[in-house]
Amino acid sequence: MIPCPCGSGKLTPACCGPILAGKPAPTAEALMRSRYTAYATGRLDYIEATCAGPAAKAFDRQEAERSGLGTEWLGLTITGREAGLESDETGKVSFTFRVRQNVQDGSASEVSLFRKISGRWLYWDREDKAKPGRVGRNDPCPCGSGKKFKACHGA
């Protein structure tokens, strides 16, 4: 068996598999990892179902499908976390992901905000997108596609 795409080092059935199958993510980080795995495996229904608030309003299914064409997800590195444990109601997860799109490699970093709603962790929004060193929604996607980040890997 191959390791889970999220980079935990665990096999998918012991990592993101149960969460993708409907088991609530125990932490914000577990939800973040399962969302990465969903992107890597084309599970856009899961991506959409795990959005709430501003993220749900911003999610564009057609754009996500288009940006996924020709994309190979190369890795996820969690660079930090704040709260987001089982007993918390909010959490932040900092991460970097690497992709190859149309034979060009790229990466992006983000701080994602999560909220627990009715006992389930959900992706709420990104932290201040305008901070220096961060990719803004209207900046070119770092994967090199030539599209804006929001229309490519920011979806």
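Details of the structure are given in the entry above.
Definitions and limits used
- Residues numbered from 1 in each chain as written.
- Predicted model: local features only at pLDDT ≥ 70, side-chain atom pairs only at ≥ 80, totals over all residues.
- Heavy atoms only, no water.
- Helix = DSSP H or I, 4+ residues; strand = E, 2+ residues; numbered from the N terminus.
- Buried < 20%, exposed > 50% of the residue type's maximum accessible area, 1.4 Å probe, protein only.
- Lys, Arg positive; Asp, Glu negative; His and termini not counted.
- Salt bridge = Lys/Arg side-chain N within 4 Å of Asp/Glu carboxyl O.
- Polar contact = N/O pair within 3.5 Å; in protein donor to acceptor, adjacent residues only side chain to side chain.
- 1 Å grid on protein atoms, 1.4 Å probe; cavity = no way out; pocket = protein on both sides within 12 Å on 5 of 7 lines; lining within 4 Å.
- Points joined across faces, edges and corners; volume = space filled by probe spheres on them.
- Nonpolar A, V, L, I, M, F, W, Y, C, P; charged D, E, K, R; others polar.
- Core = buried A, V, L, I, M, F, W, Y, C linked by side-chain atoms within 4.5 Å.
- Contact = heavy atoms within 4.5 Å.
- Disulfide = S-S within 2.5 Å.
- Pairing = 2+ DSSP bridges.

Asks: What's the story with unusual backbone geometry in this structure? I'm lost.
Replies: As a rule of thumb, non-glycine residues mostly have phi less than zero, and peptide bonds are mostly trans rather than cis. Unlike most non-glycine residues, A83 shows phi in positive territory, near 55 degrees. The residue A83 is located in strand β1 (residues 71-83) in this model. By relative accessible area, A83 is classed as partly exposed at 43%. Even without glycine at this site, S118 takes up a positive phi of about 50 degrees. Looking at the element boundaries, S118 is found in the loop between β3 (104-117) and β4 (120-126).

Asks: How do you make sense of the side chain of R35 when you look at a structure like this?
Replies: The topology assignment puts R35 in helix α2 (residues 28-40). Among buried Asp, Glu, Lys and Arg side chains, R35 stands out as unpaired, with E110 the closest opposite charge at 7.2 Å. A distance of 3.0 Å separates the side chain of R35 from the backbone oxygen of I47, its partner in a polar contact.

Asks: Could you clarify how one ought to interpret the layout of surface pockets in this entry?
Replies: Leftover empty space is mapped by rolling, across the atoms, a probe with the size of a water molecule. Empty space within the second largest pocket amounts to approximately 280 Å³. Mapped onto the lining of the second largest pocket, the elements with two or more residues apiece are α1 (17-20), α2, β1 and β2 (90-101). Here the lining of the second largest pocket takes 4 residues from α2, the largest share from any one element. Of the residues that constitute the lining of the second largest pocket, the class distribution is 12 nonpolar, 3 polar and 6 charged.

Asks: Whenever I open this one, the nonpolar core confuses me. Can you help?
Replies: Here is a general trend for soluble globular proteins: nonpolar side chains tend to be buried in one another's company. Counting residues in each nonpolar core, the largest one holds 32 residues, and the members touching the most others are M32, L76, F97 and F114. Breaking this core down by element, the ones donating at least two residues are α1, α2, α3 (44-49), β1, β2, β3 and β4. In terms of residues, this core owes the most to one element, α2, which gives 6 residues. Residues contacting F114, with those up to four places away along its chain left out, are A28, L31, M32, E89, T90, G91, V93, W121, L122, Y123 and W124.

Asks: What is the right way to read the side chain of E127 from this model?
Replies: In this structure, E127 sits in the segment after β4. Excluding its chain neighbours within four sequence positions, the residues that come into contact with E127 are K92, V111 and L113.

Asks: Would you explain the state of the cysteines in this entry?
Replies: Joining two cysteines, a disulfide is a covalent bond between their sulfur atoms. For the structure shown, the criterion picks out 0 disulfides. Summary of cysteine pairing: C4 is not part of a disulfide, and the nearest cysteine sulfur, belonging to C16, is at 3.6 Å. Note on C6: no disulfide assigned, nearest cysteine sulfur contributed by C15 at a separation of 3.5 Å.

Asks: What should I look at first to understand the pairing of β2 in this one?
Replies: Within a regular beta strand, the side chains point alternately toward one face of the sheet and then the other, so they alternate between its two faces. Of the strand pairs in this sheet, β1 and β2 are connected by 11 bridges, and their pairing is antiparallel. Paired with T71 across the bridge in β2 is Q101. Across 12 bridges, the pairing between β2 and β3 is antiparallel. Residue K92 lies in a different strand from β3, and its bridge partner there is L113. Here β2 hands over to β3 after 2 residues, with N102 in that stretch at a positive phi of 50 degrees.

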